[in-house]
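# Coordinate inspection notes
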Amino acid sequence: MSRIKTQEEVAKFIKEKMNDKGIKKSIDLARAVSICKYGHEMGSRPDNIDAIKYSVSKWLQWENKDKSRFPGTEYIFYLSQVLGVTMEELLMAGDVCSKYDNRPFSLYAIAKSNSPELLESVRDNDSIDGNSILSNYDEFDKTLLHYILEFDSRELLQYMIDNGYVRFENTGFTIYVTMWGMYFNTELYSKIVKMAIKYDDINIFRSAINRVLPLYKDMLDEEDMLKILDTTEIFKYLTTPYVATAEEWRMVNPGITYIDNESTEALKGVQVLPILFNNLLAVAKDSQNDKLDLLRDIAKKHNKTTMDLINRFYSRKEFEILEDGRLTSGRYGWLTVLGMEDGKVVGEGA
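Described below are features of the structure shown in this document.

What follows is about the overall build of the protein chain. Looking only at helices and strands, the protein chain has 19 helices and 10 strands in total. The burial tally for the protein chain puts 45% of its 350 residues in the buried class. Relative to all contacts within the protein chain whose residues are 6 or more apart in sequence, the contacts with residues 24 or more apart total 63%.

Next comes the structure, spelled out in C-alpha cells:
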C-alpha cells in the first residue's frame with residue numbers, strides 16, 4: 001500500500017511536471033493556475049497572480065521546513081489541471097497507479113498491457129457495446145486513450161483505429177479524436193501524432209494525418225517537423241508525389257467527377273505532393289538540415305512533370321499558385337500541390 005508522501009516528494013513531482021509542460025519559473029506556474037481558476041481576463045491580473053505566486057513558492061520550497069507547504073484545497077484542482085495530472089497523482093507524487101497493475105479490467109491495466117485481446121475481453125464482459133467501462137473516465141479522471149498515450153501502447157491504438165474504435169474527424173476548422181462516442185480536443189490528437197513521429201510509426205501517422213488536407217495551427221510545431229526529417233517511413237510518406245485516390249480527389253475537387261472531358265480525365269492522373277511537404281522544406285531550409293538538397297530535388301522534378309501536364313490544358317491566366325503550393329483553377333478546388341520555397345515555385349525559370 002502506498003504511504004503518504006512528504007512535502008519534498010510532492011514538491012519534486014510538481015517541478016518534474018512543470019518541466020514536462022515547459023513551465024520554467026514559479027511566476028509562470030502562478031499565472032497558469034490563476035488563468036485556470038479565474039479565466040484569462042481575471043486570471044491575468046497582477047494581483048491575482050501575485051497572490052497565487054506566494055502559495056506556489058511555499059509548494060516548491062521543500063528545503064525550508066518552516067516555509068514549505070502542501071498545495072491547499074483552494075488551488076489543488078487548478079494546479080492538477082495545469083500540470084495535466086489528477087489531484088490524487090499530485091498529492092501522491094505520481095505514485096497512484098501501481099496498486100492497479102493487478103486489476104485486469106482497469107483502463108490503466110488495459111492500456112499498459114498493450115493487448116487487443118484484453119481489450120476485447122473487457123468489451124465482451126462489459127455492456128453490449130462496451131460503453132460502461134471503456135467509454136468513460138476512471139477515478140483518476142482519465143480515459144483509455146489517455147493511458148494508451150501515457151504508455152505509448154501503439155499496438156493497442158492501431159488495433160482500435162483499424163476496428164473503428166478510434167477515429168479522426170476533420171471538421172474543416174479543427175480535428176477531433178473520437179472513441180466510442182467520446183470527443184477529445186486537438187491536444188490528444190497532437191499527442192497521437194507526436195507518438196507516431198517518435199517511433200516512426202507510419203501506420204498510426206497515416207491514419208491521423210490526411211496527406212491532402214492541411215494541419216491546423218499549433219498541431220505540430222517546428223520541433224516536430226525537425227523530428228520528421230529524421231524519420232524514414234514518415235519522411236518518405238510526406239515527400240513522395242502521388243496520384244490522389246478517388247476519395248482524396250473528392251475532398252478537394254467534389255465537382256470534377258460530374259464533368260466528363262479530356263482535361264478532367266487527364267488531370268485525375270496528375271501527381272500531387274503531400275500538403276506538408278512545403279512545411280518540411282521550409283524547416284529544412286531554416287535549420288540547414290541535411291535533407292534540404294534532397295527536398296529541393298524532389299520539388300524540382302515534381303514541379304516540372306506536373307506543370308508540363310497542367311500547361312497542356314490551361315493558359316497561365318486560368319490557374320493560380322498559392323503561397324502554400326496549391327495550384328487552383330476557377331472551375332475546381334486545387335488541382336495539385338507544387339514544391340515551394342520562399343513563396344516561389346522551386347525550379348521555375350531554372
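Back to the text.
Moving on: the nonpolar core. Here is a general trend for soluble globular proteins: nonpolar side chains tend to be buried in one another's company. The biggest cluster of nonpolar side chains holds 67 residues, and the ones touching the most others in it are Leu119, Leu144, Leu157, Met160, Met179 and Phe205. At 7 residues, the largest contribution of residues to this core is made by helix H12 (residues 186-198). Beyond its immediate sequence surroundings of up to four residues, Met160 is in contact with Leu119, Leu144, Ile148, Tyr165, Val166, Met179 and Trp180. By size, the runner-up hydrophobic cluster in this structure holds 20 residues, among which are Ile49, Leu60, Leu79 and Leu83.

Our focus in this paragraph is the sheet that holds strand E6 (residues 319-321). With antiparallel pairing, 3 strands are arranged side by side in an open sheet as E6-E7-E8. Each edge of the open sheet carries a strand with a single partner, namely E6 and strand E8 (334-337). Within the sheet, the average angular offset between the axes of one strand and its neighbour, ignoring direction, is 20°. Examined bridge by bridge, strand E7 (residues 326-329) and E8 share 3 bridges and lie antiparallel to one another. Across the sheet, residue Leu327 finds its bridge partner in E8, namely Thr336. Helix H19 (residues 292-313) contacts E6, E7 and E8 of the sheet and is inclined by roughly 155° relative to E8.

What follows concerns the sheet that holds strand E3 (residues 182-184). Strand order in the open sheet formed by 3 strands is E1-E2-E3, and the pairing between neighbours is antiparallel. Two strands close off the open sheet at either side, each with one partner strand: strand E1 (166-170) and E3. On average, each strand axis in the sheet is inclined to that of its neighbour by 30°, with strand direction left out of account. Alignment of strand E2 (residues 175-179) against E3, held across 3 bridges, turns out to be antiparallel. Bridge pairing in E3 places Met179 opposite Met182. Strands in contact with H12 are E1, E2 and E3; relative to E2, the strand with the most contacts, it is inclined by about 85°.

Note on placement: Asp152 falls in the loop between helix H10 (144-151) and helix H11 (154-162). Placed 43 residues apart in sequence, Asp152 and Met195 show a C-alpha to C-alpha distance of 7.0 Å. Sequence-distant contacts of Asp152, that is, excluding residues within four places in its chain, are made with Met195, Lys198 and Tyr199.

Look at Asp200: it is not a glycine, yet its phi comes out positive at around 50°. Position of Asp200 among the secondary structure elements: in the loop between H12 and helix H13 (202-208).

Turning our eyes to something else, we now look at the environment of His302. Its location among the elements puts His302 in helix H19. Using a relative accessible area of 3% as the deciding quantity, one classes His302 as buried. As for His302 and Val346, which are separated by 44 residues in sequence, their C-alpha atoms are 9.5 Å apart. Of note is the side chain of His302, whose polar atom sits 2.8 Å from the backbone oxygen of Val337.

Moving on: the packing of aromatic side chains. This structure, assessed with the given rule, holds 8 aromatic pairs. Between Tyr176 and Tyr183 the ring centres are 6.0 Å apart and the planes differ by 75°, which places this aromatic pair in the edge-to-face class. We classify Tyr176 as partly exposed; its relative accessible area is 32%. Grouped by ring-pair contacts, the aromatic residues Tyr108, Tyr147 and Phe151 constitute a single cluster.

What follows covers helix H1 (residues 7-20). Taking 1.5 Å as the rise per residue, H1 with 14 residues should run 20 Å; its terminal C-alpha atoms sit 20 Å apart, in good agreement. Following H1 by one or two positions, Gly22 adopts a phi angle in the positive range, close to 75°.

Turning to the pairing of E2, a few remarks are in order. Burial analysis of E2 places 4 of its 5 residues in the buried class, the great majority of the element. Sheet topology places E1 next to E2; 5 bridges connect them, and they run antiparallel. Residue pairing across strands places Arg167 opposite Thr178, the latter belonging to E2. Counting the residues in the hairpin turn of E2 and E3 gives 2 residues, including Trp180, whose phi is positive at 50°.

What follows covers the pattern of salt bridges. Side chains bearing opposite charge may pair, as long as their charged atoms lie close to each other. Going through the model one piece at a time under the given rule, you end up with 18 salt bridges. A salt bridge links Asp47 to Arg45, with the shortest nitrogen-to-oxygen separation between them at 2.9 Å. The salt bridge involving Glu341 is made with Arg296; its shortest N-O contact spans 2.7 Å. Residue Glu341 is located in strand E9 (residues 340-341), and its partner Arg296 is located in helix H19; the two are separated by 45 residues in the primary sequence. Several salt bridges share partner residues, and in doing so they unite Lys285, Asp293, Arg296, Glu341 and Asp342 into one network.

Reading the values: the criteria
Residues numbered from 1 in each chain as written. Predicted model: local features only at pLDDT ≥ 70, side-chain atom pairs only at ≥ 80, totals over all residues. Heavy atoms only, no water. Helix = DSSP H or I, 4+ residues; strand = E, 2+ residues; numbered from the N terminus. Buried < 20%, exposed > 50% of the residue type's maximum accessible area, 1.4 Å probe, protein only. Contact = heavy atoms within 4.5 Å. Core = buried A, V, L, I, M, F, W, Y, C linked by side-chain atoms within 4.5 Å. Pairing = 2+ DSSP bridges. Axes fitted to C-alpha atoms, helices over the stretch in contact; angles between N-to-C directions. Polar contact = N/O pair within 3.5 Å; in protein donor to acceptor, adjacent residues only side chain to side chain. Phe/Tyr/Trp six-rings, centres within 6.5 Å; stacked < 30°, edge-to-face > 60°. Expected span 1.5 Å × (residues − 1). Salt bridge = Lys/Arg side-chain N within 4 Å of Asp/Glu carboxyl O.

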